[in-house]
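Each chain is listed here by its residues.
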Amino acid sequence: MKNSMFLADNIEKKQFEFEVEGHTAKIEYILKDKKILLTHTEVPKELEGKGIGGKIVKLALENIESRGLRLIPLCPFVAAYIKRHPEWNRLLDEEVNLK
């Protein structure tokens with residue numbers, strides 16, 4: 001699979017975008033003060049089963065960490081990813097409990 005591994009932050013649409021093989025996966029968000037709420041992850045049907053959902057979540061988490069934001073994962077896919085990769089718990093806002 002060829003891609004640039006580049007995550008774009010489409011501020012106008014309030015979503016992270018990850019283009020692969022001519023298709024765009026996305027994670028929608030709400031930015032509120034120093035908190036970011038990830039609300040919905042979408043992977044095009046053509047990219048399903050290729051690990052793209054996990055990849056875009058990882059890239060989004062890296063972006064969030066680099067910006068010093070606190071995370072509130074409202075999207076069940078993102079929450080499940082963090083449960084599988086507890087090292088990302090460090091980004092969670094204090095009001096979040098993923099147990």
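Whatever comes next refers back to the structure up there.
This section reports on the structure supplied with the text. Please read all numbers here as calculations on a predicted model, not as lab measurements.

Calculation notes
Residues numbered from 1 in each chain as written. Predicted model: local features only at pLDDT ≥ 70, side-chain atom pairs only at ≥ 80, totals over all residues. Heavy atoms only, no water. Helix = DSSP H or I, 4+ residues; strand = E, 2+ residues; numbered from the N terminus. Rg over C-alpha atoms; globule rule 2.2 N^0.38 Å. Buried < 20%, exposed > 50% of the residue type's maximum accessible area, 1.4 Å probe, protein only. Contact = heavy atoms within 4.5 Å. Areas by Shrake-Rupley, 256 points an atom, 1.4 Å probe, with all protein chains shown as cover. Lys, Arg positive; Asp, Glu negative; His and termini not counted. Charge placed at Lys NZ, Arg CZ, Asp CG, Glu CD. Arc of directions from axis to C-beta. Pairing = 2+ DSSP bridges. Axes fitted to C-alpha atoms, helices over the stretch in contact; angles between N-to-C directions.

## Structural notes on the overall build of the protein chain
Right, on to step 1. In terms of helices and strands, the protein chain carries two helices and five strands.
Right, on to step 2. Going from the N terminus to the C terminus, the protein chain shows its helices and strands as β-β-β-β-α-β-α.
Right, on to step 3. Taken over the C-alpha trace, the protein chain has a radius of gyration of 13 Å; the compact-globule value for 99 residues is 13 Å, and the two agree within 12%.
Right, on to step 4. With the principal axes as the frame, the protein chain shows a C-alpha extent of 40 × 30 × 20 Å.
Right, on to step 5. By residue count, 42% of the 99 residues in the protein chain fall in the buried class.
Right, on to step 6. Nonlocal contacts in the protein chain, meaning residues at least 24 apart in sequence, comprise 43% of its contacts between residues at least 6 apart.
Right, on to step 7. Total accessible area on the protein chain is roughly 6,000 Å²; 51% of this is exposed by carbon and sulfur atoms.
Right, on to step 8. Distance between charge centres in the protein chain, computed from 17 positive and 16 negative side chains, equals 3 Å.

## Describing helix α2 (residues 76-84)
Right, on to step 1. For α2, the full list of buried residues reads V78, A79, Y81 and I82. Seen along its axis, α2 keeps its buried residues to an arc of 160°; they face one direction. Exposed side of α2, more than 90 degrees from the buried face: P76, K83 and R84 are the residues found there.
Right, on to step 2. Tucked into the core, α2 has its buried residues touching β4 (35-42), α1 (52-66) and β5 (70-73).

## Looking at the environment of K34
Right, on to step 1. The topology assignment puts K34 in the loop between β3 (23-32) and β4.
Right, on to step 2. Not counting residues up to four positions away in its chain, the partners in contact with K34 are R67, G68, L69 and R70.

## Brief notes about the sheet that holds strand β2 (residues 15-20)
Right, on to step 1. One open sheet holds the five strands; their spatial order is β1-β2-β3-β4-β5, and the pairing between them is mixed. Pairing within the sheet leaves two strands with one partner each, and these edge strands are β1 (7-10) and β5. With strand direction ignored, the average angle separating the axes of adjacent strands in the sheet is 30°.
Right, on to step 2. Pairing between β3 and β4: seven bridges, direction antiparallel. Residue pairing for β4: K32 is matched across the bridge by K35.
Right, on to step 3. Those strands touched by α1 are β1, β2, β3, β4 and β5, and its axis lies near 135° from that of β2.
Right, on to step 4. Docked against the sheet, α2 engages β4 and β5, running at close to 115° with respect to β5.

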